[in-house]
Amino acid sequence: MEHILEGLPQEKWIEIIFNASQGLSAQELTRLLERQAAMEILLEKRLGEMWEEELAYLANSEESSEEIHHRTQNIAIESMGNILTQNE
């Protein structure tokens, strides 16, 4: 049981995605893709055609790297929860 808590949430998420049933993994990955699509639409509506440049700047920004890391880990935790609660 202790090994479940070892490592970064993102690493555990990948492990769960690869080891959960294909149906649950596909459902969660589809949910994440639809969420990303919705966010891209929102960004395009708010920032216009420049949104991809703004995103690239943010992704490569030293100032935002820690915040991006934390957000990535939080998304991984949420996604793991979605898969694991449906697996019961």
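Residues numbered from 1 in each chain as written. Predicted model: local features only at pLDDT ≥ 70, side-chain atom pairs only at ≥ 80, totals over all residues. Heavy atoms only, no water.

(A) Inspection of the side chain of Gln73 at higher detail. Tracing the backbone shows Gln73 in helix α4 (residues 65-87). A residue is classified by how much of its surface remains accessible, and Gln73, at 7% relative accessible area, is buried. Ignoring sequence-local partners within four residues, the contact set of Gln73 consists of Leu8, Pro9 and Gln10. (Helix = DSSP H or I, 4+ residues; strand = E, 2+ residues; numbered from the N terminus. Buried < 20%, exposed > 50% of the residue type's maximum accessible area, 1.4 Å probe, protein only. Contact = heavy atoms within 4.5 Å.)

(B) Summary view of the nonpolar core. Ranked by size, the top nonpolar core spans 9 residues in total: Trp13, Ile16, Ile17, Ala20, Leu24, Leu32, Ala76, Met80 and Ile83. Listing elements by their share of this core, those giving two or more residues are α1 (9-19), α2 (22-47) and α4. For Ala20, the contacting residues outside a window of four places in its chain are Ser25 and Ile83. (Core = buried A, V, L, I, M, F, W, Y, C linked by side-chain atoms within 4.5 Å.)

(C) Examining α2 more closely. Between the first and last C-alpha of α2 there are 36 Å, a value that for 26 residues agrees with the 38 Å anticipated at 1.5 Å per step. Residues Leu24, Ser25, Glu28 and Leu32 constitute the buried set of α2. On its buried face, α2 sits against α1 and α4. Trailing α2 by a residue or two, Gly48 shows a phi angle of about 75°, which is positive. (Expected span 1.5 Å × (residues − 1).)

(D) Representation of the pattern of salt bridges. Taken as a whole, this structure holds 2 salt bridges when the rule is applied. For Glu15, the salt bridge identified is with Lys12, shortest N-O distance 3.3 Å. Highlighted residues: Glu15 and Lys12, both in helix α1, separated by 3 residues, approximately one helical turn. For Lys12, a relative accessible area of 13% gives the class buried. For the salt bridge of Arg31 with Glu28, the shortest nitrogen-to-oxygen distance reads 2.8 Å. One end of the pair is Arg31 and the other is Glu28, both in helix α2 and 3 residues apart, which spans about a single turn. (Salt bridge = Lys/Arg side-chain N within 4 Å of Asp/Glu carboxyl O.)

Don't take any of this as a statement about function, it's just geometry.
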